[in-house]
Amino acid sequence: MRSTVRILGIDPGLNRTGWGAIESVGDRLRCVDSGVIRVPAGDLPQRLGVILAELGRVIRAMQPTRACVEKVFVNVNPQSTLLLGQARGAAICAAVAAGLAVREHTALQVKQAVVGYGKASKEQVQTMVQRLLALGTVPPADAADALACAICDAHAERVLVAGGVLSSGARARRSRSAWRAIGARGGA
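Residues numbered from 1 in each chain as written. Predicted model: local features only at pLDDT ≥ 70, side-chain atom pairs only at ≥ 80, totals over all residues. Heavy atoms only, no water.

### A word on the environment of Asn 77
Relative to the helices and strands, Asn 77 is located in the loop between strand S4 (66-70) and helix H2 (78-97). Judged by relative accessible area, Asn 77 falls into the partly exposed class, the value being 35%. Polar side-chain contacts of Asn 77 include one of 2.9 Å to the backbone nitrogen of Gln 79. (Helix = DSSP H or I, 4+ residues; strand = E, 2+ residues; numbered from the N terminus. Buried < 20%, exposed > 50% of the residue type's maximum accessible area, 1.4 Å probe, protein only. Polar contact = N/O pair within 3.5 Å; in protein donor to acceptor, adjacent residues only side chain to side chain.)

### As for the pairing of strand S2 (residues 16-25)
With 8 of 10 residues buried, S2 lies mostly within the body of the structure. As defined by bridge partners, strand S1 (residues 5-11) adjoins S2 across 7 bridges and the pair is classed as antiparallel. Across the sheet, residue Gly 9 finds its bridge partner in S2, namely Gly 20. If you look at the hairpin formed by S1 and S2, you'll find 4 residues sitting between the two strands. Bridge count for S2 against strand S3 (residues 28-38) is 10 bridges, and the pairing is antiparallel. Across the sheet, residue Glu 23 finds its bridge partner in S3, namely Arg 30. In textbook terms, the turn of a hairpin is the stretch between consecutive antiparallel strands, and for S2 and S3 this stretch comprises 2 residues, one of which, Gly 26, has a positive phi near 60 degrees. (Pairing = 2+ DSSP bridges.)

Right under this line is the structure:
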């Protein structure tokens, strides 16, 4: 019998943080729920606290097996990159504080896994997320990005198992060092 893995994808942002939980059983993916945390304006520490607290609530409600977050790209505006990195840090802390392993995927990996093209538009990602998860409506952009990250993570897991990097029995025991080794080789 195949085990069910619940993956929480997170698309961190200082104004809006998207989240999406999917279940993966073999080749099947199912959306559990998704949403967007709207972070009120204010001082940076309070905004980061909102992200941390609200993602903590989402994690308790969704009970994921693991979490994944999109890696930060270096923007032309260093201040924007720094702020995004801080929002991302709050998101990772929420997952780690809940005892979850956290995997990271680049935007290129996420778009390739969902659309098949690393430079896909937000609209293409939203449409493909809707199709892949058989959703009745197109999800909001931030939630779609989080769901896309979770889909990418599920695909990466299947590739590693199929490639013999992880045995089916070792899935629950995989180590972070195995993922670092895969990343160093340029894998998913």
